[in-house]
Amino acid sequence: MDIKEQLKDIKTQLRLSMNGVVSQSMREKGLNYKLNFGVELPRIKSIAAAYEKNHELAQTLWKEDIRECKILAGLLQPVETFFPEIADIWVENMPNIEIAELTCMNLFQHLPYAPAKSFHWIASEEEYAQICGFLTIARLLMKKGDMAERPAGEFLDQAVCAVLSGSYHVRNAALLAIRKYMQHSEEHAFQVCRLVEGMKDSSVEAEQVLYNTVKEEASPHPSPWERGLRLLPLLRRGLYIRYKDNQSYNCRSNGTYQYCTCCNVFYFACYRIPFR
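Residues numbered from 1 in each chain as written. Predicted model: local features only at pLDDT ≥ 70, side-chain atom pairs only at ≥ 80, totals over all residues. Heavy atoms only, no water.

A. Broad picture of the overall build of the protein chain. Scanning the protein chain from N- to C-terminus turns up 15 helices and 5 strands. The burial tally for the protein chain puts 49% of its 276 residues in the buried class. Accessible surface computed for the protein chain: about 14600 Å², of which carbon and sulfur atoms make up 52%. (Helix = DSSP H or I, 4+ residues; strand = E, 2+ residues; numbered from the N terminus. Buried < 20%, exposed > 50% of the residue type's maximum accessible area, 1.4 Å probe, protein only. Areas by Shrake-Rupley, 256 points an atom, 1.4 Å probe, with all protein chains shown as cover.)

Structure below.
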């Protein structure tokens, strides 16, 4: 079948699978489309599975102002032919948060240039560029986990600014990315906690949201009392802890340590003792 026949066949399958209740519910929640069949995501994925990935078909589907067609476009677009310029065009024409989330999940996170492009997007002033940037970073952190020190600093600066001054959806996307960054390692968690610890008693709503999100993400750690009990045998033995600046200190004699009030964790300098 040519592209027109494939598009016609897809629309026929969508009509046969339409769900008016789901469509009405989306409209009530503010997800407005020119046409929304209300087809559930598993069914959309099963329709996509019947077609080979095709650049022309995906681009044609994306141009349709139909919810399910835009979702299918992300599923059927080959990454090899999805150049950065096209990615920018898609982001500029992103209709709402649902399509942004699904496109980041189904396509953007798999792009070979996704790390660089996502940082370009979060630095933009456009709402959906920031949303797609943070959502893509969150996906990349889930897959790859780590991030070099310099881009990590840039990411955290942009994410904190987005939480404090961005729109509702930008804030949520940035918070998600921050949480995924924290989940990668205890060092990352401590780094974020230090950034927000001064916001504990803030009267600014956005700062409270950020502080509480970080605190909740760090909350699975044992209580300060439990960590203190685990710490005592080490202090009594006069354990030497080496700082990152390559200096050693006798913990028993001077009790050199740091305590993070946000995540309830004892640290020696910037190094966390693994007491679990």
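Having seen the model, we can carry on.
B. Quick look at the pattern of salt bridges. One pass over the full model with this rule turns up 6 salt bridges. We note a salt bridge from arginine 67 to glutamate 68, for which the minimum N-O separation is 2.8 Å. We classify arginine 67 as buried; its relative accessible area is 2%. Residue lysine 117 pairs with aspartate 88 through a salt bridge whose shortest N-O separation is 3.0 Å. Pair noted here: lysine 117 is in helix 8 (residues 114–122) and aspartate 88 is in helix 6 (residues 84–92), with a separation of 29 residues, a long-range link. Several salt bridges converge on common partners, so that one network encompasses Arg67, Glu68 and Glu98. (Salt bridge = Lys/Arg side-chain N within 4 Å of Asp/Glu carboxyl O.)

C. Up close: the layout of surface pockets. What the largest pocket holds in volume is close to 290 Å³. As for the largest pocket, its lining consists of 16 residues, and the residues nearest its centre are Glu101, Leu135, Asn172, Ala173 and Leu176. Those elements that provide at least two residues to the lining of the largest pocket are helix 7 (97–106), helix 9 (127–143) and helix 11 (168–184). Ranked by the residues each element gives to the lining of the largest pocket, the list is headed by helix 11, at 6 residues. Partitioning the lining of the largest pocket into residue classes produces 11 nonpolar, 2 polar and 3 charged. (1 Å grid on protein atoms, 1.4 Å probe; cavity = no way out; pocket = protein on both sides within 12 Å on 5 of 7 lines; lining within 4 Å. Points joined across faces, edges and corners; volume = space filled by probe spheres on them. Nonpolar A, V, L, I, M, F, W, Y, C, P; charged D, E, K, R; others polar.)

D. Molecular detail of the side chain of glutamate 217. Relative to the elements of secondary structure, glutamate 217 occurs in helix 13 (residues 205–218). Setting aside residues up to four positions removed in sequence, glutamate 217 forms contacts with Arg179, Met182 and Gln183. (Contact = heavy atoms within 4.5 Å.)

E. Seen up close, the environment of proline 151. Take proline 151: it is sitting in helix 10 (residues 149–165). What makes proline 151 partly exposed here is its relative accessible area of 28%. Put simply, proline 151 and phenylalanine 119 are 32 residues apart on the chain and 8.5 Å apart in space, counted from C-alpha to C-alpha.

F. Representation of the side chain of arginine 67. Relative to the elements of secondary structure, arginine 67 occurs in helix 5 (residues 67–76). At 3.0 Å, the side chain of arginine 67 and the side chain of glutamate 98 are in polar contact. Among residues more than four places away in sequence, those in contact with arginine 67 are Met26, Tyr33, Leu35, Asn36, Gly38, Val39, Leu41, Ile44, Glu98 and Ile99. (Polar contact = N/O pair within 3.5 Å; in protein donor to acceptor, adjacent residues only side chain to side chain.)

G. Highlighting the nonpolar core. Membership of the largest hydrophobic core comes to 78 residues, with the highest contact counts inside it found for Leu61, Leu72, Phe82, Phe108, Phe134, Phe155 and Leu210. Considering every element that reaches this core, the biggest residue donor is helix 9, with 10 residues. (Core = buried A, V, L, I, M, F, W, Y, C linked by side-chain atoms within 4.5 Å.)

H. The environment of isoleucine 122, seen in detail. On the secondary structure map, isoleucine 122 appears in helix 8. Take isoleucine 122: its relative accessible area is 2%, and that puts it in the buried class. The sequence separation of isoleucine 122 and glutamine 158 amounts to 36 residues, and the corresponding C-alpha distance is 6.9 Å. When near neighbours in sequence (up to four residues on either side) are disregarded, isoleucine 122 contacts Ala129, Gln130, Gly133, Phe134, Ile137 and Gln158.

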